Amino acid sequence: MNNDISDKDKKDWEEFLSSDEKLPNKDFKFSKKKTLKTRHIDLHGFTLEQANITITKFIEDCYQNSVSKIIVVTGKGLHSNVEKDPYVSKDLSILKYSVPEYIENNEELMKKIIEIKDAKIEDGGAGAFYIFLRKKL
C-alpha cells in the first residue's frame, strides 16, 4: 500500500476543512421517526358478521384516504357471550382471532395491506392489532 498522499488530495482536504460545508449525518437522518397517518377502530360489542362488514368498509375508506396505519381494537374476549354457544371455545375470543383471519383470507383487502401485526401495549396490546396499508395507486 502506498502511503503517499497526492498534492491534489492534500489541497482538496485543506479546502474542505476551511469551508463551511458540512457532511450530512446519515445516522441522524435515519433516527427520525416517520409519523404515519393513523386511524383507530374499536370493534367491542360487535358480532363477528358486523365486525367483518365494518372492518372491510373501514379498510377501504382508510386506503382511499391515504391512511398508512390502522389500529384495530377487538378486545381480549373476556366479556363475550361465548359460554352461551356450546360450539365456540371458551378459551378463544371470537373477534381477536377471527377478524385478522377474515382479512388475511380476503384477497381484495390483502392487495391494499402491507402487514398485519400485534399492537404494542400502549395501543391495546393483546386486545388489538395493527394494519399497515399500501400507498394508493
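None of the values given here were measured: they were computed from a predicted structure.

Student: In this structure, what is going on with the packing of aromatic side chains? I would like to understand it.
Tutor: What the rule picks out here adds up to 2 aromatic pairs. A cation over a ring is seen here: K69 above Y130, with NZ or CZ 4.3 Å from the ring centre. Across the ring face of Y63, the terminal group of K112 is positioned such that the distance to the ring centre comes to 5.4 Å.

Student: How do you make sense of the pattern of salt bridges when you look at a structure like this?
Tutor: Pairing between side chains of opposite charge can happen when their charged atoms approach one another. For the structure shown, the criterion picks out 5 salt bridges. Its salt-bridge partner being E15, residue K11 comes within 3.9 Å of it at the nearest N-O pair. Of the two residues, K11 and E15 are both situated in helix α1 (residues 7-18); the distance of 4 residues between them amounts to about one turn of the helix. A relative accessible area of 51% means that K11 is categorised as exposed. In this structure, K111 engages E108 in a salt bridge whose closest nitrogen and oxygen atoms are separated by 3.1 Å. Since its relative accessible area comes to 52%, K111 is described here as exposed.

Student: Where do I start with the environment of K69 in this structure?
Tutor: Following the sequence through the fold, K69 ends up in strand β2 (residues 69-73). K69 gets classed as buried once you look at its relative accessible area, which sits at 17%.

Student: Mind showing me how you'd approach the sheet that holds strand β1 (residues 38-42) here?
Tutor: The strands making up a sheet are joined through hydrogen bonds of the backbone, oriented either antiparallel or parallel. Ordered by their spatial adjacency, 4 strands build an open sheet running β1-β2-β4-β3, and the pairing between neighbours is mixed. Two strands close off the open sheet at either side, each with one partner strand: β1 and β3 (113-118). Across the sheet, the mean angle separating the axes of adjacent strands is 20 degrees when strand polarity is ignored. Direction of pairing for β3 relative to strand β4 (residues 128-133): antiparallel, over a ladder of 5 bridges. What sits directly across from D118, in β4, is F129. The sheet contacts of helix α3 (residues 48-64) involve β1, β2, β3 and β4, and relative to β1 the element is tilted by about 170 degrees. Against the sheet, helix α4 (residues 94-104) makes contact with β3 and β4, and its axis sits at roughly 20 degrees relative to β4, the strand it touches most.

Student: Whenever I open this one, α3 confuses me. Can you help?
Tutor: Since one α-helical turn is 3.6 residues long, residues separated by three or four positions face the same way. Compared with an ideal rise of 1.5 Å per residue, which puts 17 residues at 24 Å, α3 spans 24 Å between its outermost C-alpha atoms and is within 8% of the ideal. Of the positions making up α3, those classed as buried are A51, N52, I55, T56, F58, I59, C62 and Y63. Contact partners of the buried residues in α3: β1, β2, α4, α5 (107-110), β3 and β4. Backbone geometry just downstream of α3 places S66 in the positive-phi region, at approximately 55 degrees.

Definitions and cut-offs
- Residues numbered from 1 in each chain as written.
- Predicted model: local features only at pLDDT ≥ 70, side-chain atom pairs only at ≥ 80, totals over all residues.
- Heavy atoms only, no water.
- Phe/Tyr/Trp six-rings, centres within 6.5 Å; stacked < 30°, edge-to-face > 60°.
- Lys NZ or Arg CZ within 6 Å of the ring centre and 35° of its normal.
- Salt bridge = Lys/Arg side-chain N within 4 Å of Asp/Glu carboxyl O.
- Helix = DSSP H or I, 4+ residues; strand = E, 2+ residues; numbered from the N terminus.
- Buried < 20%, exposed > 50% of the residue type's maximum accessible area, 1.4 Å probe, protein only.
- Pairing = 2+ DSSP bridges.
- Axes fitted to C-alpha atoms, helices over the stretch in contact; angles between N-to-C directions.
- Contact = heavy atoms within 4.5 Å.
- Expected span 1.5 Å × (residues − 1).

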